[in-house]
Amino acid sequence: MVTVHMHISCSSSADIHDQIIKRNIQAKDGVRKEFNKRSKIKKHFSDDSFKVFTVSSKEFLKGKHLSPEETEIPKLKGFLQELNDCHSETVNYVSGAYGILSLIEGARRRKEGAGKADDVCKVLEKNMTEQLDQVKKAVEKAIKDFEQCLTEGVKNSKTSDEKLKSFLDHDKQPSFFKTVEAVVRKDGMHKTKKGEHINLNTVLASCLTDSIDEKFRKTFPNDVKGGSFNGVISRFSLDTKSLIQKYQDVKLQLIFLQTEEDKIKAKLNKIILKGKKVIYNSLTETSEKNMKKCYEDARKISGNDALKKMRKTIETHVSSNRNIYEDTKETMMKKMNILMIYQIITYNETKLWHYKDLVCNDELN
């Protein structure tokens with residue numbers, strides 16, 4: 001991967017766009033040609049594995065001359081994510097393979113330490129029950145807290161109504177009719193020529209997003225070290241390392257269990273990373289779904305007083321459908337329950353009990 005930085009000066013916006021695209025292509029070709037000359041290095045790469053990106057963070061944020069895709073930042077981001085995922089999967093594969101080999105070898109020697117194996121299984125069962133119980137309590141508390149926050153958000157729905165009114169009160173501005181036309185045509189979302197982002201769905205969901213923002217950051221922090229649910233998953237441990245010191249006869253089985261525990265925690269963190277985005281975005285997505293009929297009706301309006309009628313259509317829809325906030329809350333809670341109860345608790349519990357039984361019942365023997 002190679003990044004290239006460039007500066008271009010032109011008078012016409014169209015000319016600038018064409019010049020940037022042309023220079024980017026030339027820059028990429030130049031880098032590839034230089035790379036191809038280095039035969040000793042090139043032999044370690046396939047043609048597809050050497051990537052060149054001509055990125056522009058300013059253009060990605062402002063979008064003055066290039067579309068987001070043309071800035072190549074999304075492509076670079078995807079490429080880096082692939083590299084990270086490949087590395088993680090490789091690490092998991094190697095540790096997993098080592099763990100399975102340990103289990104197989106341990107099964108062969110099982111008879112030598114049968115009595116101690118029974119003892120360690122009782123300890124493992126106790127540790128697992130206690131650790132899973134802590135995860136369940138943390139998850140259930142999070143669900144309860146989020147529901148309380150959202151209930152308060154529904155009660156404060158007036159704040160969203162006021163933000164909507166503040167937007168619609170721009171109707172005296174000459175260009176506002178075109179803005180509203182664009183908003184309803186694009187299901188509530190529009191980016192003005194000045195770069196301003198308008199999203200009525202976000203505005204309507206704001207009473208709910210504002211109510212959970214602080215709790216959401218604490219429950220699902222971006223800081224990987226802290227971990228989700230106040231670190232209960234990252235702290236989860238069957239204490240296999242200390243058990244290995246005490247029960248050397250079943251060391252190999254415990255190594256297997258440790259590798260599986262690490263893989264399960266990595267998998268859970270991946271589930272949470274994807275799931276938290278689905279949960280949070282569901283507020284705006286549900287709001288958009290509830291407003292869809294309103295946007296469709298507003299799009300049909302034309303002629304005299306069209307702006308006034310569009311405004312009336314939007315306000316009437318919101319005021320006569322007060323259940324939209326409760327519906328949005330319920331949708332988020334359903335998605336949260338799916339993530340937390342099914343994907344986190346059930347996955348964690350099922351997998352760990354399975355591997356514990358595999359080790360203790362000696363199913364490989």
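Refer to the preceding data block for the structure.
About the cut-offs
Within each chain, residues carry numbers counting from 1 in the order of the written sequence. In keeping with the model being predicted, local features are shown solely for residues with a pLDDT of at least 70 and side-chain atom pairs are shown and tallied solely at 80 or more, while totals for entire chains, interfaces and linings include all residues. Processing note: side-chain calculations cover all non-hydrogen atoms of the structure and skip hydrogens and water entirely. Throughout this description, the term nonpolar core refers to a set of buried Ala, Val, Leu, Ile, Met, Phe, Trp, Tyr and Cys residues connected via side-chain atoms within 4.5 Å. Summary of the burial criterion: residues with accessible area below 20% of their type's maximum are buried, those above 50% are exposed, and those between are partly exposed, where the area comes from a 1.4 Å probe applied to protein chains only. Secondary structure follows DSSP: runs of H or I at least 4 residues long count as helices, runs of E at least 2 residues long count as strands, and numbering of each begins at the N terminus. Whether two residues are in contact is decided by their heavy atoms: any pair within 4.5 Å suffices. Multiplying one less than the number of residues by 1.5 Å gives the expected span of a helix. Note that the bend at a residue is defined as the angle between axes fitted to the seven residues ending at it and the seven residues starting at it. Every angle, taken between N-to-C directions, lies between 0 and 180 degrees, and every axis is a line fitted to C-alpha atoms, over only the stretch in contact when it is a helix. Here the angle decides the label: under 35 degrees means roughly parallel, over 145 means roughly antiparallel, 65 to 115 means roughly perpendicular, and every other value means oblique. Whether a crossing is left-handed or right-handed is set by the direction in which the near helix is turned from the far one by less than a right angle, anticlockwise for left-handed and clockwise for right-handed. Each residue gets one label: Ala, Val, Leu, Ile, Met, Phe, Trp, Tyr, Cys and Pro are nonpolar, Asp, Glu, Lys and Arg are charged, and the others, such as Gly, are polar.

Quick look at the nonpolar core
Ranked by internal contacts, the top residues of the largest apolar core, which has 67 residues, are Phe-146, Phe-229, Met-332, Met-340 and Ile-344. Here this core gets 14 residues from one element, more than from any other, and that element is helix 11 (residues 251-299). Sequence-distant contacts of Ile-344, that is, excluding residues within four places in its chain, are made with Val-135, Val-139, Phe-229, Ile-233, Leu-268, Ile-272 and Leu-339.

Observations regarding helix 11
Helix length check: helix 11 (49 residues) gives 69 Å between terminal C-alpha atoms against 72 Å at 1.5 Å per residue, within 8%. Of all the bends in helix 11, the largest measures some 45° and sits at Met-291.

Structural notes on the packing of helix 8 (residues 200-219) against helix 11
At a closest axis distance of 9 Å, the pairing of helix 8 and helix 11 adopts a crossing angle of 160°. Accordingly, the angle class assigned to the pair helix 8 and helix 11 is roughly antiparallel. When the axes of helix 8 and helix 11 are compared, the crossing they make is right-handed. Every residue of helix 11 that contacts helix 8 at Leu-200, Asn-201, Thr-202, Leu-204, Ala-205, Leu-208, Thr-209, Ile-212, Asp-213 and Phe-216 is listed here: Lys-276, Ile-279, Tyr-280, Leu-283, Thr-284, Ser-287, Glu-288, Met-291 and Tyr-295. Looking at side-chain class alone, the contact of helix 8 with helix 11 contains eleven nonpolar, five polar and three charged residues.

As for the packing of helix 7 (residues 176-185) against helix 12 (residues 306-320)
Between helix 7 and helix 12, the least distance of the axes is 10 Å, while the angle of their chain directions is 45°. When the axis of helix 7 is compared with that of helix 12, the two are oblique. For the crossing formed where helix 7 meets helix 12, the hand is left-handed. Packed against helix 7, whose contacting residues are Phe-176, Phe-177, Val-180, Glu-181 and Val-184, the element helix 12 presents Ala-306, Leu-307, Met-310 and Ile-314 at the interface. Classifying every residue of the contact of helix 7 with helix 12 by side-chain character gives eight nonpolar, no polar and one charged.

Fair warning: the whole summary comes from geometry, so function is off the table for now.
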